[in-house]
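The lines below spell out each chain.
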Amino acid sequence: QVQLVESGGGLVQAGGSLRLSCVSSGHSFRTFVMGWFRQAPGKQREFVAAMSSSDFSTSYAASAKGRFVIAMDNAKNAVYLEMNSLTLEDTAVYSCALGPTIGAVQRGGASYWGRGTQVTVSS
């Protein structure tokens with residue numbers, strides 16, 4: 001079955017950077033979209049960024065633009081999220097998602113989800 005496994009979370013000071021990774025396995029989709037969501041305690045899950053494997057087009061949430069960069073390695077079926085200038089508000093569980101289109105993933109309609117990795121930003 002399709003599996004998504006995230007890594008790279010941890011504790012970082014405000015202003016610092018962190019790189020998340022997500023590797024997908026168990027599928028042979030020729031084209032797909034992988035993205036990132038996050039959920040802070042007591043808040044709803046929110047979209048962060050997504051990228052298409054077909055043309056590497058991207059979509060970012062307003063909170064991520066200018067600070068986060070999403071990248072993809074098709075050979076590894078992996079997606080990465082480089083997070084810079086982190087603030088306390090970025091503390092959340094970050095989950096990887098895989099779906100058919102950027103629109104579907106962005107709306108939370110991904111077909112597959114990872115379990116998430118904790119990112120904690122300290123002051």
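About the cut-offs
- Residues numbered from 1 in each chain as written.
- Predicted model: local features only at pLDDT ≥ 70, side-chain atom pairs only at ≥ 80, totals over all residues.
- Heavy atoms only, no water.
- Disulfide = S-S within 2.5 Å.
- Helix = DSSP H or I, 4+ residues; strand = E, 2+ residues; numbered from the N terminus.
- Buried < 20%, exposed > 50% of the residue type's maximum accessible area, 1.4 Å probe, protein only.
- Polar contact = N/O pair within 3.5 Å; in protein donor to acceptor, adjacent residues only side chain to side chain.
- Contact = heavy atoms within 4.5 Å.

Student: Explain the state of the cysteines to me, using residue names and the numbers behind them.
Tutor: Across all of its chains, the model carries one disulfide by this definition. Shown here is the disulfide that connects Cys22 with Cys96, its sulfur atoms set 2.1 Å apart. Residues Cys22 and Cys96 share a disulfide whose torsion about the S-S bond is about -85 degrees; that sign makes it left-handed. Here the residue Cys22 occupies a position in strand β3 (residues 18-25), and Cys96 occupies one in strand β9 (residues 92-99), the gap between them amounting to 74 residues. Owing to a relative accessible area of 0%, Cys96 belongs among the buried residues under this scheme.

Student: Talk me through the side chain of Ser52; I want residue IDs and the actual numbers.
Tutor: On the secondary structure map, Ser52 appears in strand β5 (residues 46-52). At a separation of 3.5 Å, a polar atom in the side chain of Ser52 contacts the side chain of Asp55. The residues contacting Ser52, other than those within four sequence positions of it, are Phe32, Val33, Ser57, Met72 and Ile102.

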